[in-house]
Amino acid sequence: MYKVDLNSDLGESFGRYTIGNDDKIIPLISSANIACGFHASDPVVMTTAIEQTKAAGIQIGAHPGFPDLMGFGRRNLAVSPAEAKAYTLYQISALGGMCKAHNMRLQHVKPHGALYNMAAKDYELSKAICEAIKSYDPEIIVMGLSGSEMIHAAKDLGLKAASEVFADRAYEEDGTLVNRRKEGAVIKDENEAIARVIRMIKEQKVTTITGKDISIQADSVCVHGDGEKALLFVEKIRKAMAEEGITISPLKDICN
């Protein structure tokens, strides 16, 4: 039996600016990564996302990023491990406190954007993020790029780790994601993206942008909820998984 978590980055609207299809995507996934106010979101948006997630019976995770609203958290910032630890603790504490008020708890933490990609290659940065998570709640699952330093750091600190793969992103030979500025970084063919995901789950392999096959672990699949065809894509990937005998389960049922 194959089991995998289906996650999406949500709660990324801000003030009067709306992004994503949260209300439509939430019922179709098993774990929601909610922005915490640094790269996107605000207290009202966070509250709405928590309420929608709770109503759908979906697990909640914090999605902390760099303090960079204008750049949507996708610009690399020169921060020390101590700063990254403080940024992470601040954000998960904010979302975690709001979850507590709704009788919910954080299932996982998944860094966002540049923080996620930098941590994937930087052990000390990953360790600082994981230390923040452990200090808040050692039972929280750390979600990071499959084979990354984030996964290594989480395990070294005795935390549960979930290896994430991406349906619509191309991979380099070292297992990192191809930079969005590079041609072919985003896979736009839905059928190709779905076929790649099925293979990552069942064969634990993915073909890189250079054509080489590398090993990969898929505990959770990220599906972006802000694209024009996001809803249709999530529906298609769920259908394909059902046909392939893959069960969609929250992380807490996979990383135990």
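Keep in mind that this is a model prediction, so the values were computed, not measured.

Enquirer: Even after reading the chapter, I still don't get a nonpolar patch on the surface, so can you show me in this structure?
Expert: On the surface, Phe14, Tyr17 and Leu69 cluster together to form a nonpolar patch covering roughly 310 Å² of accessible area. Take phenylalanine 14: it is sitting in the loop between strand E1 (2-10) and helix H1 (22-25).

Enquirer: Hey, could you run me through the pairing of strand E6 (residues 161-166) in this one?
Expert: Within a regular strand, the side chains alternate between the two sheet faces. Counting buried residues along E6, 6 of its 6 residues qualify, which places the element largely inside the surrounding structure. Neither face of E6 is exposed, since Ala161, Ser163 and Val165 on one face and Ala162, Glu164 and Phe166 on the opposite face are all buried. As defined by bridge partners, strand E5 (residues 141-145) adjoins E6 across 4 bridges and the pair is classed as parallel. Note that in E6 the partner of valine 142 across the bridge is alanine 161. In terms of handedness, the path from E5 via helix H6 (residues 149-156) over to E6 forms a crossover that is right-handed.

Enquirer: Looking at this structure, I do not really get the environment of alanine 161. What am I missing?
Expert: Within the secondary structure, alanine 161 is located in strand E6. For alanine 161 and asparagine 7, which are 154 residues apart along the polypeptide, the C-alpha to C-alpha distance reads 15 Å. Those residues in contact with alanine 161, other than ones at most four positions away along the chain, are Ile141, Val142, Ile151, Ala154, Lys155, Asp219 and Cys255.

Enquirer: Mind showing me how you'd approach the pattern of salt bridges here?
Expert: A side chain of one charge can pair with a side chain of the opposite charge if their charged atoms are brought near each other. The tally for this structure, following the rule as stated, stands at 13 salt bridges. The shortest N-O distance in the salt bridge between aspartate 68 and arginine 75 comes to 2.6 Å. Judged by relative accessible area, which is 7%, aspartate 68 ranks as buried. Its salt-bridge partner being lysine 182, residue glutamate 172 comes within 3.3 Å of it at the nearest N-O pair. A residue pair is termed long-range when its members are at least 10 positions apart, and glutamate 172 in the loop between E6 and helix H7 (190-202) and lysine 182 in the loop between E6 and H7 qualify at 10 residues. One network of salt bridges, in which partners are shared, links Asp9, Lys110 and Glu164.

Enquirer: Would you mind going over the side chain of aspartate 68 with me for this structure?
Expert: Topologically, aspartate 68 is positioned in the loop between strand E3 (59-63) and helix H3 (81-101). Looking at aspartate 68, its side chain comes within polar contact range of the main-chain nitrogen of glycine 71, at 3.1 Å. Residues within four places of aspartate 68 in sequence aside, it is in contact with Phe38, His39, Gly73, Arg74 and Arg75.

Enquirer: What exactly am I supposed to notice about the packing of aromatic side chains here?
Expert: For any two aromatic rings, the description comes down to two numbers: the centre-to-centre distance and the angle of the planes. Enumeration over the complete set of coordinates arrives at 3 aromatic pairs. With a centroid separation of 5.9 Å and 85° between ring planes, the pair formed by tyrosine 116 and phenylalanine 166 is classed as edge-to-face. With tyrosine 116 in helix H4 (residues 113-121) and phenylalanine 166 in strand E6, this pair connects stretches of sequence that are 50 residues apart. Of the two residues examined, tyrosine 116 and phenylalanine 166, each falls in the buried class. Here the aromatic cluster, defined as three or more aromatic residues joined through ring pairs, consists of Phe38, Tyr87 and Tyr90. Between the NZ or CZ atom of lysine 110 and the centre of the ring of tyrosine 116, over which it lies, the distance is 5.9 Å.

How each quantity is defined
Residues numbered from 1 in each chain as written. Predicted model: local features only at pLDDT ≥ 70, side-chain atom pairs only at ≥ 80, totals over all residues. Heavy atoms only, no water. Patch = residues over 30% accessible without salt bridge, like charges linked within 9 Å, V, L, I, M, F, W, Y side chains within 5 Å. Areas by Shrake-Rupley, 256 points an atom, 1.4 Å probe, with all protein chains shown as cover. Salt bridge = Lys/Arg side-chain N within 4 Å of Asp/Glu carboxyl O. Helix = DSSP H or I, 4+ residues; strand = E, 2+ residues; numbered from the N terminus. Buried < 20%, exposed > 50% of the residue type's maximum accessible area, 1.4 Å probe, protein only. Pairing = 2+ DSSP bridges. Right-handed = clockwise from strand over helix to strand, strands pointing away. Contact = heavy atoms within 4.5 Å. Polar contact = N/O pair within 3.5 Å; in protein donor to acceptor, adjacent residues only side chain to side chain. Phe/Tyr/Trp six-rings, centres within 6.5 Å; stacked < 30°, edge-to-face > 60°. Lys NZ or Arg CZ within 6 Å of the ring centre and 35° of its normal.

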